[in-house]
Amino acid sequence: MKNYLDKIIKQRILILDGAVGTMIQKQGLQEADYRGEEFRDHPRAQKGNYDLLSLTKPDIIKGIHREYLEAGADIITTNTFTANRISMADYGMVEQVYNMNFRSAQLAREAIGEFENSAESRKHFVVGTLGPTNRTASMSSDVNDPGARSVTFDELVRAYHEQASGLVDGGADILMVETVFDVLNCKAALFAIDKVFEEKGTRLPVMVSGTITDASGRTLTGQTLEAFL
């Protein structure tokens, strides 16, 4: 796959799809929609848990992928922006993290397969996305204690390892550490991805998208893009 991608990107620009969250918001889904039948009696509210929809409303997620394919996207990102055990702890859905990632990659793969069979034979790709989590490893979580941290490097590695495993098993062609605002979180993600590749005896292309927070051109932790790299 890496050799194939290397060949294509020398021939033309590949177009990445757009945001999934805003497309989901347009659906006007309610609590019951997020829960589905499988999680109807779950003790915590699930409205806003977009990644869960890969399990409870797969047709909606696949439909969003289809819209981006029809708009000309070459690369489809999975619905997994917060599908990690750190973020899912807020919803009480830690046990579903692997399933969310596996099924999300499958849905993107299915959408591409159906589109290529019906519309065109040009090759499209699935990018398994690993979001930044809702915690930072570099910055204090307590203004009165500069050494305080809400998450450790090892906890991030565990979370990203689980997520990457599900994405690879589900059929992702590429992995992307997405919208990351902390270089230490990013390093944990890349370390975890390498561990997954070693364990599975495979290696996929890896992308990183970093977040620049304002006009100064710096990340949330104060780094320039050059320093981040």
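Residues numbered from 1 in each chain as written. Predicted model: local features only at pLDDT ≥ 70, side-chain atom pairs only at ≥ 80, totals over all residues. Heavy atoms only, no water.

Tracing the backbone shows His42 in the loop between helix 3 (31-35) and helix 4 (53-56). Once you skip the residues sitting within four places of it in the chain, His42 turns out to touch Arg35, Tyr91, Gly92 and Met93. (Helix = DSSP H or I, 4+ residues; strand = E, 2+ residues; numbered from the N terminus. Contact = heavy atoms within 4.5 Å.)

Positive phi, close to 70 degrees, is recorded for Thr133, a residue that is not glycine. With respect to the helices, strands and loops of the structure, Thr133 is situated in the loop between strand 2 (125-130) and helix 8 (153-170). The exposure class of Thr133 is buried, given its relative accessible area of 8%. Residue Thr179 is not a glycine yet carries a positive backbone phi of 55 degrees. Looking at the secondary structure, you find Thr179 in strand 3 (residues 174-180). Residue classification places Thr179 among the partly exposed residues on the basis of a relative accessible area of 29%. (Buried < 20%, exposed > 50% of the residue type's maximum accessible area, 1.4 Å probe, protein only.)

With that settled, consider the packing of aromatic side chains. In this description, an aromatic ring pair is defined by two values, namely the gap between the centres and the angle between the planes. Overall, the coordinates contain four aromatic pairs when judged by the stated rule. Between Tyr98 and Phe102, the ring centres sit 6.0 Å apart and the planes meet at 20 degrees, which makes this aromatic pair stacked. You can see Tyr98 and its partner Phe102 sitting in helix 7 (residues 97-118), four residues apart, about one turn around the helix. Of the residues examined, Tyr98 reaches a relative accessible area of 30% and is grouped as partly exposed. Residue Phe102 is classed as partly exposed on the basis of its relative accessible area of 25%. Here Phe153 and Phe191 contribute two aromatic rings whose centre-to-centre distance is 6.2 Å and whose plane-to-plane angle is 50 degrees, an arrangement assigned as tilted. In this pair, Phe153 sits in helix 8 while Phe191 sits in helix 9 (residues 183-200), placing the two residues 38 residues apart along the sequence. (Phe/Tyr/Trp six-rings, centres within 6.5 Å; stacked < 30°, edge-to-face > 60°.)

To continue, consider the pattern of salt bridges. All chains considered together, the criterion is met by 13 salt bridges. The closest approach of N and O atoms between Glu114 and Lys62, which form a salt bridge, is 3.1 Å. A residue pair is termed long-range when its members are at least 10 positions apart, and Glu114 in helix 7 and Lys62 in helix 5 (residues 58-70) qualify at 52 residues. The class for Lys62 is buried, based on a relative accessible area of 17%. Note that Glu70 and Arg66 form a salt bridge whose closest N and O atoms lie 2.9 Å from each other. (Salt bridge = Lys/Arg side-chain N within 4 Å of Asp/Glu carboxyl O.)

A word on helix 9. End to end, helix 9 covers 26 Å across 18 residues, agreeing with the expected 26 Å (1.5 Å per residue, within 8%). Of the positions making up helix 9, those classed as buried are Asn185, Cys186, Ala188, Ala189, Ala192, Ile193, Val196 and Phe197. Close packing links the buried residues of helix 9 with strand 2, helix 8, strand 3, strand 4 (206-210) and helix 10 (225-228). Directly beyond the C-terminal end of helix 9, a positive phi value near 65 degrees is found at Gly201. (Expected span 1.5 Å × (residues − 1).)

All right, on to the packing of helix 7 against helix 8 then. The interhelical angle for the contact between helix 7 and helix 8, taken along N-to-C directions, is 35 degrees, at an axis separation of 7 Å. In this structure, the crossing between helix 7 and helix 8 has a hand that is right-handed. Touching Val97, Tyr98, Asn101, Phe102, Ala105 and Gln106 of helix 7 are Glu162, Gln163, Ser165, Gly166, Leu167, Asp169 and Gly170, all from helix 8. Taken together, the residues that form the contact of helix 7 with helix 8 break down as five nonpolar, six polar and two charged. (Axes fitted to C-alpha atoms, helices over the stretch in contact; angles between N-to-C directions. Left-handed = near helix turned anticlockwise from the far one by under 90°. Nonpolar A, V, L, I, M, F, W, Y, C, P; charged D, E, K, R; others polar.)

Turning next to the sheet that holds strand 4. Read across the sheet, four strands follow the order 1-2-3-4 without closing on themselves; strand pairing throughout is parallel. Here the strands that pair on one side only, and so sit at the sheet edges, are strand 1 (75-77) and strand 4. The mean angle between the axes of side-by-side strands here comes to 30 degrees, regardless of whether they run parallel or antiparallel. Across four bridges, strand 3 lies against strand 4 in parallel orientation. Paired with Leu175 across the bridge in strand 4 is Val206. (Pairing = 2+ DSSP bridges.)

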